[in-house]
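Commentary on secondary and tertiary structure
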Amino acid sequence: MPTTELDPSLLEKMRREWDERAKENARYYVATANEDWTDEAFFASGRQTVSEEILTDMTNICQGKDPKEMTVLEIGCGAGRVTRALAEVFGRVYGVDISGEMVARATAALQGIPHATVVQNNGADLQALGDIQVDFAFSSIVFQHIPSREVIHNYVREVHRLLRPGGLFKFQVQGDATLQTSADDTWLGVPFSDAQAVEMAEACGFEPRYRHGAGEQYFWLWFFKR
Ligand SMILES: C[S@@+](CC[C@H](N)C(=O)[O-])C[C@H]1O[C@@H](n2cnc3c(N)ncnc32)[C@H](O)[C@@H]1O
């Protein structure tokens, strides 16, 4: 489905509500473990995410490439918590986020790191990045908030557009079908069953090689571009 056919009022609601969360307490809504993050602890938590989800998985992610020669994309970069840690590992980092307020905070967090760029997008596609090619794409604790399966499908198709053949899109969706409360809730997003995740991969040109946490809130997917 082209982005123009997605519900514009839902995209606007996501943007507005994430902007509001950012203004209220951006770092808390990015990572709810702490209501009053210090700079040090906030960015250390991003390094921890990278240690757990990226550094343990470099064979799948790099596929023999030098990370310093790689371009990576983060969808839903928030206040730059993980983006900054990604920039310590990879040669070029792009982040997108629907919230201009979050992007402003990420931009401040990335000051002095010229190989990391964050831009606000429309909440459904990657047109804001043009036609760049990326070697690896990543998204953590973002799609679990998106209430629309079509929007998530759209992102997966868009990553397929930008990812080099064979490259990995590693991301997390919400796997617990009991959690979503309403079809436009921008906090508790739409759940995916294992079968729905596989179907999404196949429909978008990916091999869903590994899946971990089906049925749970943190359902991780390893989609390799065919
Ligand atoms: C819980 S925060 C996580 C931020 C970051 N991934 C991290 O781990 O630090 C979720 C982020 O996803 C962004 N977001 C929510 N819906 C989005 C959408 N449809 N497109 C892009 N970003 C979105 C929000 O603005 C917010 O910054």
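Here is a short report on the structure shown in this document. (Residues numbered from 1 in each chain as written. Predicted model: local features only at pLDDT ≥ 70, side-chain atom pairs only at ≥ 80, totals over all residues.)

Along the chain, the position of Arg105 falls in helix α5 (residues 100-109). A C-alpha to C-alpha distance of 10.0 Å links Arg105 and Val118, two positions 13 residues apart in sequence. When neighbours within four sequence positions are excluded, Arg105 is seen to be in contact with Ala22, Ala26, Ala79 and Gly80. (Helix = DSSP H or I, 4+ residues; strand = E, 2+ residues; numbered from the N terminus. Contact = placed C-beta atoms within 7 Å.)

Around the ligand, 20 residues are found, and the nearest of them are Trp18, Gly76, Gly78, Arg81 and Gly123. Elements represented by at least two residues in the shell around the ligand include exactly α1 (8-30) and α4 (81-89). Among the elements that line the shell around the ligand, the one with the most residues is α1, at three residues. When its residues are assigned to classes, the shell around the ligand shows twelve nonpolar, six polar and two charged. (Near = placed C-beta within 6 Å. Nonpolar A, V, L, I, M, F, W, Y, C, P; charged D, E, K, R; others polar.)

Let us now look at helix α2 (residues 39-53). One turn of the α-helix equals 3.6 residues, which is why residues spaced by three or four share an orientation. Taking 1.5 Å per residue, 15 residues should reach 21 Å; α2 reaches 21 Å between its end C-alpha atoms and fits that length. Those residues of α2 not exposed but buried are Phe42, Phe43, Gly46 and Val50. On an axial view of α2, the arc spanned by its buried residues comes to 90°, and they lie on one face. Exposed and oriented more than 90 degrees from the buried face of α2 are Glu40, Ser51 and Glu52. (Expected span 1.5 Å × (residues − 1). Buried ≥ 20, exposed ≤ 12 C-beta atoms within 10 Å, placed from the backbone. Arc of directions from axis to C-beta.)

Glancing now at the environment of Ser51. Among the structural elements, Ser51 can be located in helix α2. With 35 residues separating them along the chain, Ser51 and Leu86 place their C-alpha atoms 9.8 Å apart.

Another aspect to go through is the pairing of strand β5 (residues 163-173). Of all eleven residues in β5, eight are buried, a share of seventy percent or more. One ladder, built from five bridges, connects strand β4 (residues 134-139) with β5; its direction is parallel. By the bridge assignment, Ser139 is partnered in β5 with Phe171. In this fold, β4 hands off to helix α6 (residues 149-162), which returns the chain to β5; that crossover is right-handed. Sheet topology places β5 next to strand β7 (residues 219-225); six bridges connect them, and they run antiparallel. (Pairing = 2+ DSSP bridges. Right-handed = clockwise from strand over helix to strand, strands pointing away.)

Let us look at the sheet that holds β5. Note on sheets: strands pair through backbone hydrogen bonds, and any given pair is parallel or antiparallel. Taken together, seven strands build an open sheet; the order of strands is β3-β2-β1-β4-β5-β7-β6 and the sheet is mixed. Either end of the sheet is taken by a strand with one partner, and the two such strands are β3 (116-120) and β6 (206-212). Each adjacent strand pair in this sheet contributes to an overall mean axis angle of 15°, direction not counted. Two elements, strand β1 (residues 71-75) and β4, share three bridges in a ladder whose sense is parallel. Looking at β4, one finds that Leu73 is bridged to Ala137. The strands touched by α5 within the sheet are β2 (92-97) and β3, with β3 carrying the most contacts at an inclination of about 165°. Running at roughly 150° to β5, α6 makes contact with β1, β4, β5, β6 and β7 of the sheet. (Axes fitted to C-alpha atoms, helices over the stretch in contact; angles between N-to-C directions.)

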